[in-house]
Amino acid sequence: MTDFASLLQPDRGQSARTITLVAPDTFDAWLGRQSVATRALATAQRFTGKSGTHLLFPQDDGIAVVAGVGDAASPWALAKLAETLPEGSYRLDGAEVGANALGWLLGQYRFTCYRNAEDQGPRILLTRDVAHRDEMIRLAAATAQVRDLVNTGAGDLGPAELEAEAEALARTHHAQVTVTSGDALARDYPMIHAVGQAATRERAPRLIELHWGDPTHPRIAIVGKGVCFDTGGLDIKPSSGMRLMKKDMGGAAHALALASLVMAARLPVRLHLLIPAVENAVSAASFRPGDVLKTRKGLTVENTNTDAEGRLILGDALTRAGEESPELILDFATLTGAARVALGPDLPPLFTDDEALATDLLAAAAAEDDPVWRMPLWDGYDDMLKSDIADMVNAPDGGFAGAITAALFLRRFVPKDTAWAHLDVFAWRPSGKPGRPKGGDAYALRAAYRMLKGRYSRG
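Note that the structure is a prediction, hence the values are computed from the model and not measured.

Each value, and the rule that gives it
Residues numbered from 1 in each chain as written. Predicted model: local features only at pLDDT ≥ 70, side-chain atom pairs only at ≥ 80, totals over all residues. Heavy atoms only, no water. Pairing = 2+ DSSP bridges. Helix = DSSP H or I, 4+ residues; strand = E, 2+ residues; numbered from the N terminus. Axes fitted to C-alpha atoms, helices over the stretch in contact; angles between N-to-C directions. Contact = heavy atoms within 4.5 Å. Parallel < 35°, antiparallel > 145°, perpendicular 65-115°, else oblique. Expected span 1.5 Å × (residues − 1). Buried < 20%, exposed > 50% of the residue type's maximum accessible area, 1.4 Å probe, protein only. Phe/Tyr/Trp six-rings, centres within 6.5 Å; stacked < 30°, edge-to-face > 60°. Lys NZ or Arg CZ within 6 Å of the ring centre and 35° of its normal.

*Asks:* Describe in detail the sheet that holds strand β1 (residues 8-10), supporting the description with residues and values.
*Replies:* The six strands are arranged β1-β6-β5-β2-β4-β3 in an open sheet whose pairing can be described as mixed. Because the sheet does not close on itself, it has two edges, and the strands there are β1 and β3 (54-59). The mean angle between the axes of side-by-side strands here comes to 35°, regardless of whether they run parallel or antiparallel. With six bridges connecting them, β3 and strand β4 (residues 62-68) associate as antiparallel partners. For Q59, the partnering residue across the bridge sits in β4 and is G62. Sitting on the sheet, helix α1 (residues 24-32) is in contact with β2 (17-22), β3 and β4, with an inclination near 130° to β2.

Written out as structure tokens, the structure is:
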């Protein structure tokens, strides 16, 4: 993983190039204060302060940078500079780094698991806000963890590897991990077992749980969908639909990253992390369309589509989460294509019946520039889950309101008196932006963390 701590260092007055941020409406004032040579250079390079452009110019005995930004407060304002500036140390002119540090750090993220990236040398940013520095490094590392896990090929990341990630997290933060698999999984978590039963023994299904924190503190649960590869099962996907299904464990990646942030900040909570980890494979042991599945909660589910498997494994995990009486449950899942049709890849839908939780999450999302969009848990669509032979179906016929009916399915496994939010994340960026390369990415992670900090920070 990228060494983010080396890229954001305390400013102790050491030598560094200066970065001045300008916008189109402040560019003329900046230019008027410059030497004749610098003005001539800006003219020759056609630099006008346009957002995303920058100019290197001589200053004193060295080189300085002026960069055009649209919103200097955006966490991504410095991301392109971090990608393109020459190796060396830099400091902002007349401003503290603040949230800009995130883009600076993630602009230098590289996924190098399968090839060597070009070594451009580090671009180091100096900051006087040492306390804020630590938080920015943690946020960048958590985002990179999501990216690394999602970008990793499914052949190298199955249920056992997700278990190893949880174990590593537990060692770092002195947490406890328990894993349920085999006959115990079939007995106690029948939907998780059913979805994963077709996989090879090395990729067998399991429920991974991590507990951390003082048991007397408020209890919260974070749940992440861990489908390490999704063929669609017997309702098999076309090859085009299967191409990115290594990312179907993106919910688990988000849950692991959020748990790491909670524990690193030592929030005064009793944390319960749950990851149902499976591979939805095809074999003679595959669960079938028309099968009626038992659940941990005691309900029965008529399986109408083996490609609607994520909600099945989450149903058992949410039931388990509720058994410890948490005051809050958050789940992350790459759950529905319908969410992408409605809101596209960058805007995760948020589902919750809890108005206070919705308000807090939306406010945190706006403050972090990490957007979510609230969608309705519309009771009128609950009848779409009716089955002729079981308590419910997993996927209604017709395809209407697919993201909503999936969330309604999950709601049936959450205790009615527990605040719960479901985030249907894409976990993938189809095209790159500064600081956000094409590939796996975190969505609503910073928003969820800010919400939890707001609710549970000490003092």
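That covers the picture; the talk isn't over yet.
*Asks:* Got a sec to walk through the packing of helix α6 (residues 159-173) against helix α10 (residues 250-264)? Specific residues and values, please.
*Replies:* The contact between α6 and α10 brings their axes to 11 Å, and the two run at 5°. Judged by the angle between their axes, α6 and α10 are roughly parallel. Contacts between α6 and α10 involve L162, E165, A166, L169 and H173 from the first element and A252, L256, A259, S260, M263 and A264 from the second.

*Asks:* Which residues make up the sheet that holds strand β12 (residues 292-294), and what values do they have?
*Replies:* The strand order β12-β13-β17 describes an open sheet built from three strands, whose pairing is mixed. Edge positions in the sheet fall to β12 and β17 (392-393), since each has one partner strand and no second. Note: strand β13 (residues 300-302) against β17, two bridges, orientation parallel. Of the residues in β17, the one forming a bridge with E302 is V393.

*Asks:* Summarise helix α5 (residues 130-151); cite the residues concerned and give the values.
*Replies:* Counted at 1.5 Å a residue, the expected span for α5 with its 22 residues is 32 Å, and the 31 Å between its end C-alpha atoms agrees. Extensive coverage of α5 is indicated by the burial of 16 of its 22 residues.

*Asks:* So what's going on with the packing of aromatic side chains? Which residues, and what values?
*Replies:* One pass over the full model with this rule turns up six aromatic pairs. With centroids separated by 5.6 Å and ring planes inclined at 70°, the aromatic side chains of W30 and F57 adopt a geometry described as edge-to-face. Taken together, the residues span a long stretch of sequence, with W30 in helix α1 and F57 in strand β3 at a distance of 27 residues. As far as burial versus exposure is concerned, W30 and F57 are alike and both buried. When the centroid spacing of 5.3 Å and the interplanar angle of 45° are considered together, the rings of F409 and F413 count as tilted. Accessibility assignment for this pair places F409 and F413 in one class, buried. Sitting over the ring of Y109, R147 keeps its end group 5.1 Å from the ring centre.

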